[in-house]
Every structure is written in structure tokens, then in C-alpha cells.
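Residues per chain are reported as follows:
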Amino acid sequence: MAMGRASAATLLVALAVLALAVMAQATCDDELPAQLAGNFSGLACAPVWNNFVLRYAQGKDNVLRVVLSTMYSTGWVGMGFSKNGLMVGSSAMVGWMGKTGVPHIKPFSLEGKTPSKVVADQGFLASSDHHKPTVLVQQAKIYLAFQLSFTEPLKSQNVLFAIGSAIPVNDHLSEHQDKTAIVFDFTTGSASSSSSFPDGLKRTHGALNLFAWGVLLPIGAIVARYCRRWDPLWFYLHAGIQFVGFILGLAGVVAGVSLYNKIQADVPAHRGLGIFVLVLGILQILAIFLRPNKDSKYRKFWNWYHHWVGRLALFFAAINIVLGIKVGGAGNSWKIGYGFNLAILLITIITLEVLLWTRWKNNSGSTGAY
């Protein structure tokens, strides 16, 4: 009997959870509030993301009428139009209800990922002269209603949706709490996931360069300095590791160039350091073909050049990796991973350097006694 009651209770809880889940889904069943029904009647409707519902219609004069609705308690809601599916370079209509109950809706130019580069009353979105943008909150839902003029009818368009938890102050948007990007066809009403090509390319660029310049090439340098007792094995290991590392680093640079050509990222410091490190790497490769014989009087100058150019390249590469993780908006896993890798390398170098100097000191003492 007790088991039967427990099963019944479990079933009721499951049904309640299922009911809440169904209720939370975005649907087009709800009618528009009366304040919007007059100017925004006859709109097509499509659930687009989470609780976001997009109502829209295009007129013959290339005016797009939009009502975007979602569940709302506080903060801001935005809908962006992008040329490539990325935030940077796009423009958005953002609406919120102020602390005093005053509604706000404005176009924003998304020129960068920092708050200072998200500028109100800027961008390429042009509001129609026939209707003033409106924000309405009713029954725990927010409605952003606006009309935009375009030079030609929208067909397949990259659209961004985002929501922030903090009410904007002086038109400064806080970082979004959640976001998504889709490709929406305004002629058929179909939606698909936005291409992840730029994000995948960014990860490839970062992973290749971090592994090449942050792992392989430092290991190759460690072999050259601390493994000379195993001659000539150390030389072949050093040359092989450095060659593979340079090729992977070069592939990472190619991925970075492709990424820049696609999104035109404004990262001059990162790009400049990357070019500088690449030039140093190319000089190191060229130096192999110009290496004098061991008995040449120029060999010591070549050694000095090869050692210090290599150290400079690795030093600036480490700085650029840290800078790249920062400007690329990588997560904590990248930061922790590279920090752990850097700590292991530094501990290894310090330990081997102490052992090397101890061995040199002992050898010098033995020679002097002899």
C-alpha cells in the first residue's frame, strides 16, 4: 500500500514537472495585447528560441514589422541583425522596463564585446516613419514592437537574440545572461542554427598556436639546452620537434588570417605580436641552412643569434597566447589549461637549470683538482 502511494506521488510530481515544461515552451497561441493589436495585426508567428516568440511581416515598401516577446521579470531583451552571424559589427533593437516603470527601446550598434563599444542610437537599423518603437510588459511577458526599413526585402537573415539580467543605466547594457544566433528565413518562416564556422575557426587558431608555441617549441628548446649529453640524439629530437611545432604554428597563423578576413576582429596588439613571432620563427628556420661548421670562427656568433632569437620568439609567443585567450573570450578551461602548462614548463626549466649548473660546478671543481 505504501509502495502504491509512493508510486502515485512520483507520478504526480512527474506530471507536474511535465506540465510546467509544456507551459514554459514558447508558443504562438497567445494573442497580442490590445495596445499592439491595431498596428501589428496579421503577423506571421514563429517560436525561435527558449521563450522567445517572433511575430513578423514584410510590406511591399520593404518595411519589416516585428513583435518580439518573451518571459520577463527585469533586465533587457534584444534582437540583432547581423551580416555574418556574429555579434561584432551587427545592430540590434533592445528594450527594457526602467526601474520607475518607464519603457525604453533603442537601436544599438554592436561595435565590440566591451560595454563601451555597445553604443545606443547607432547602427544600420533604420526605424520606419510610420510607427514609433514600443515596449510593453504584460502578464510577466515583455513585448518589443518596432518597424524597420530596409533597402530590399529580407530573405535568409542572420538574427541574434539575447537577454540581460540587469536594467541598463544611462543606456549602458550589462553583459548578456544568455544569447543565441540563428538564420531566419523571413519568406518561409523557417529557422536554422547559425553557422559555427567562425567559432570553430577561432578554436582551431587558438588550439594550434597554443600547442605549437606553448607546448612543442618550448619542449624542443628544453631538449637543446639540457639534453646535449645524448649526442647526436638531442640534435635530431630538437630539430624534429621544432620543425613539427613550426608547421603547426604556421597552420595556426593561416587559421588566424582566415578568421580575420571573415570577422575583421579589432585586435591590433594580438595580430602585431603574432606577425612578430612568426617572423622570428622564420628567421630560426632560415638560420638552419646558414649554420657554420663547428670549427668555424663564426659558429659562436651563430650560436648566440640562434639561442637568443629562439628565446625571444618563445617569450613573446607566451605573451601573445595569454593575450589571445583574453581577446578571444576563451573560457576558464583555456586559462586554467595554459596556466597549468606554463607552470609545468617553468618548474621543469628551473629544476633542469639547477641540475645543469650543479653539474658544471662539479665538473669545474674536478678539473681544477686534476
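Here's a quick rundown of the structure. This structure is a prediction, so every number in the text was calculated from the model and none was measured.

## Structural notes on the overall build of the protein
Next up, step 1: Within the protein, the regular secondary structure consists of seven helices and 13 strands.
Next up, step 2: When each of the 370 residues of the protein is scored for burial, the buried share is 37%.
Next up, step 3: Partitioning the contacts of the protein with sequence separation of at least 6, the portion at a separation of at least 24 is 61%.
Next up, step 4: Summing over all exposed atoms, the protein offers an accessible surface of approximately 21,900 Å²; the carbon and sulfur share of this is 64%.

## Some points on the nonpolar core
Next up, step 1: Residues Leu54, Met79, Phe81, Phe161, Phe184 and Phe186 are the most contacted members of the largest nonpolar core, which totals 41 residues.
Next up, step 2: Contacts of phenylalanine 186, omitting those with residues within four sequence positions, involve Leu54, Tyr56, Gln58, Leu64, Met79, Phe81, Leu154, Lys155, Gln157 and Val159.
Next up, step 3: Val277, Val309, Ala313 and Ile325 belong to the second-largest nonpolar core, a separate cluster that totals 12 residues.

## Let's talk about the packing of aromatic side chains
Next up, step 1: According to the stated counting rule, one finds 12 aromatic pairs in the structure shown.
Next up, step 2: Seen from their ring centres, phenylalanine 81 and phenylalanine 150 are 5.9 Å apart, and the 50° between their planes marks the pair as tilted. Of this pair, phenylalanine 81 sits in strand β4 (residues 76-82) while phenylalanine 150 is found in the loop between β10 (141-149) and β11 (156-164), placing the two residues 69 residues apart along the sequence. Accessibility assignment for this pair places phenylalanine 81 and phenylalanine 150 in one class, buried.
Next up, step 3: On the basis of an interplanar angle of 75° and a centroid distance of 5.3 Å, the ring pair of phenylalanine 315 and phenylalanine 316 is categorised as edge-to-face.
Next up, step 4: Phenylalanine 315 sits in the partly exposed class, given a relative accessible area of 49%.
Next up, step 5: Look at phenylalanine 316 and you get partly exposed, because its relative accessible area is 23%.
Next up, step 6: The side chain of lysine 83 reaches across the aromatic face of phenylalanine 124, ending 5.5 Å from its centre.
Next up, step 7: Cation over ring: arginine 311 sits above tryptophan 308, and NZ or CZ is 4.7 Å from the ring centre.

The rules behind each value
- Every chain's residues receive numbers from 1 upward, in the order its sequence appears when written.
- Only residues with pLDDT of at least 70 are given local features in this predicted model, and only at 80 or more are side-chain atom pairs given and counted; all residues enter the totals for whole chains, interfaces and linings.
- Where side-chain values are given, they derive from all heavy atoms of the structure, hydrogens and water being excluded.
- To qualify as a helix, a DSSP run of H or I must reach at least 4 residues; to qualify as a strand, a run of E must reach at least 2; elements of each kind are numbered from the N terminus.
- A simple rule labels every residue: compare its accessible area, found with a 1.4 Å probe on the protein chains alone, to the largest value its type can have, and call it buried under 20%, exposed over 50%, or partly exposed in between.
- When checking whether two residues touch, look at their non-hydrogen atoms; a contact exists if any pair is within 4.5 Å.
- To measure how exposed things are, a 1.4 Å probe is used in the Shrake-Rupley method; for residues, cover is taken only from the protein chains shown.
- In these notes, a set of buried Ala, Val, Leu, Ile, Met, Phe, Trp, Tyr and Cys residues joined through side-chain atoms within 4.5 Å is what counts as a nonpolar core.
- Pairing of aromatic rings covers Phe, Tyr and Trp, the last through its six-membered ring, and needs centres within 6.5 Å; plane angles under 30 degrees mean stacked, over 60 mean edge-to-face, and all others mean tilted.
- Geometrically, a lysine NZ or arginine CZ counts as sitting over a ring once it is within 6 Å of the ring centre and also within 35 degrees of the ring normal.

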